[in-house]
Amino acid sequence: MLSALLVNGGNYIYNLLLGRILGPEAFADAALLVTLLLVLSFLGMTFQLVTAKFVATLPSDQWDVFRNRIGAFALLIGCLLGAVVFFSAPMLQNILHTENALMFRIFAVGVPIYFVMSVNRGQYQGEESFAKLAISYQLEMWGRLGITLLAFLVIRDHFGALVSFGILVSLVFGLFPYKKLSLAKTAKAPIGLEWSKVRSFMLITAGYELTQIIINNSDIILVKHFFEAQEAGLYASLALIGRVVYFVAWMFVMLLLPTVVRLKKEGKPTGHILFKYVGYIGLLSTAIVLACALFPELIITLLFGDAYLSMASLLWQYALATSLFAVANIFTYYFLSLDHYKPILFSAVMGVSQIVLIVLFHSSLAMVVQLQILVMLVLLAVQILYFLSHRR
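Note that the structure is predicted; figures quoted are calculated from it, not measured.

This part is about the layout of surface pockets. Taken as a whole, the second largest pocket holds about 420 Å³ of empty space. Every element with two or more residues in the lining of the second largest pocket is listed here: α1 (2-57), α2 (63-87), α3 (89-96), α4 (102-126) and α7 (195-226). With five residues, α7 is the single largest residue contributor to the lining of the second largest pocket.

Encoded structure:
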């Protein structure tokens, strides 16, 4: 948890420095790349969660065989997806109004690296080897911060491509501590493990991570498409500040999943774990929303500077939307750990609803934020009702 706080703090410093150095207009491109990295992290999380779940249930002498097979599949999917991004770079530049296509091509090279890294992290998470897991996150974060700032100092131009290069190098750092994949040993499945269960869990998890991508990142991408660069950069700063709730909530999810899986395997009750983490996130969210409502100008000035002050009135509203999603997310991951998958459908419906509403109604940035509050209120209410019915 301490490491997760430090990593999220470092990532915040990284984004804040980008915002201050580049200004709202240029920051729009940099924020888009950070958003794509978040999209990639959710896709990679599919492999991390699948690896963590099944490593937690397998005897230790079968871990390597399982990891090799999952790792080979992750590398294949990463290469295919990376190729799609690489060759679609000119089209992405046109749709998202970026400075050049090179930044997308550099980013594409990192996609397979990220997926292999996710399998590596999944094994450490499933083993509950949190020290090694923490090292991987620390190396990625500090590498991205250091390389990007160094590149800015040396080159001072084409900032989108430089941010993309910093991301690529940081993914290489995040591979360590690394357990080498033995691709030649992927044919044999671990004894006692039905791979149909692995495939089913992977598909379901991938479906849920897709809803995470939609809910978490569609607003920034749609704002980048529908609004001018200046407004898109201002909105990106708002989103970055408001999402502190979600980033801190993720450290609880990292602890929640293996704990619930282990308790279920031992035949012990798990509800108290959910209550504990919902309580933590609820208190944290309330404090952050209140701070954003009482001191919006101070927070924005300290973090991004006076150029971003026009977003002050929307800060608490965005923080509220993110807080509602963070709490709903704890419910979903809890049920995912117990092999109950209906909450994923709820998130998918709400994610699609969010996109449709923003596409139809985007006359102002305030409307974009308020639509998200509405969608997240409905999602949280549905998750709570499902939990209550499940308990009965």
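The discussion continues.
With that settled, consider the pattern of salt bridges. In total, this model carries three salt bridges according to the counting rule given. A salt bridge links aspartate 29 to lysine 224, with the nearest nitrogen and oxygen atoms 3.5 Å apart. Pair noted here: aspartate 29 is in helix α1 and lysine 224 is in helix α7, with a separation of 195 residues, a long-range link. The two residues aspartate 29 and lysine 224 agree in class, both being buried. Taken together, the shared-partner salt bridges connect Arg121, Glu140 and Arg144 into one network.

All right, on to unusual backbone geometry then. With an omega dihedral of 0°, the bond running from phenylalanine 176 to proline 177 counts as a cis peptide bond. As for its placement among the helices and strands, proline 177 is situated in the loop between α6 (159-174) and α7.

Considering all chains together, one arrives at three cavities of 30 Å³ or more under this definition. The volume enclosed by the largest cavity comes to roughly 100 Å³. When residues of the lining of the largest cavity are traced back to their parent elements, those giving at least two are α7, α12 (315-337) and α14 (365-391). It is α12 that provides the largest number of residues to the lining of the largest cavity, a total of four residues. Residues belonging to the lining of the largest cavity are distributed by class as follows: five nonpolar, four polar and two charged.

What counts, and where the lines are drawn
- Residues numbered from 1 in each chain as written.
- Predicted model: local features only at pLDDT ≥ 70, side-chain atom pairs only at ≥ 80, totals over all residues.
- Heavy atoms only, no water.
- 1 Å grid on protein atoms, 1.4 Å probe; cavity = no way out; pocket = protein on both sides within 12 Å on 5 of 7 lines; lining within 4 Å.
- Points joined across faces, edges and corners; volume = space filled by probe spheres on them.
- Helix = DSSP H or I, 4+ residues; strand = E, 2+ residues; numbered from the N terminus.
- Salt bridge = Lys/Arg side-chain N within 4 Å of Asp/Glu carboxyl O.
- Buried < 20%, exposed > 50% of the residue type's maximum accessible area, 1.4 Å probe, protein only.
- Nonpolar A, V, L, I, M, F, W, Y, C, P; charged D, E, K, R; others polar.

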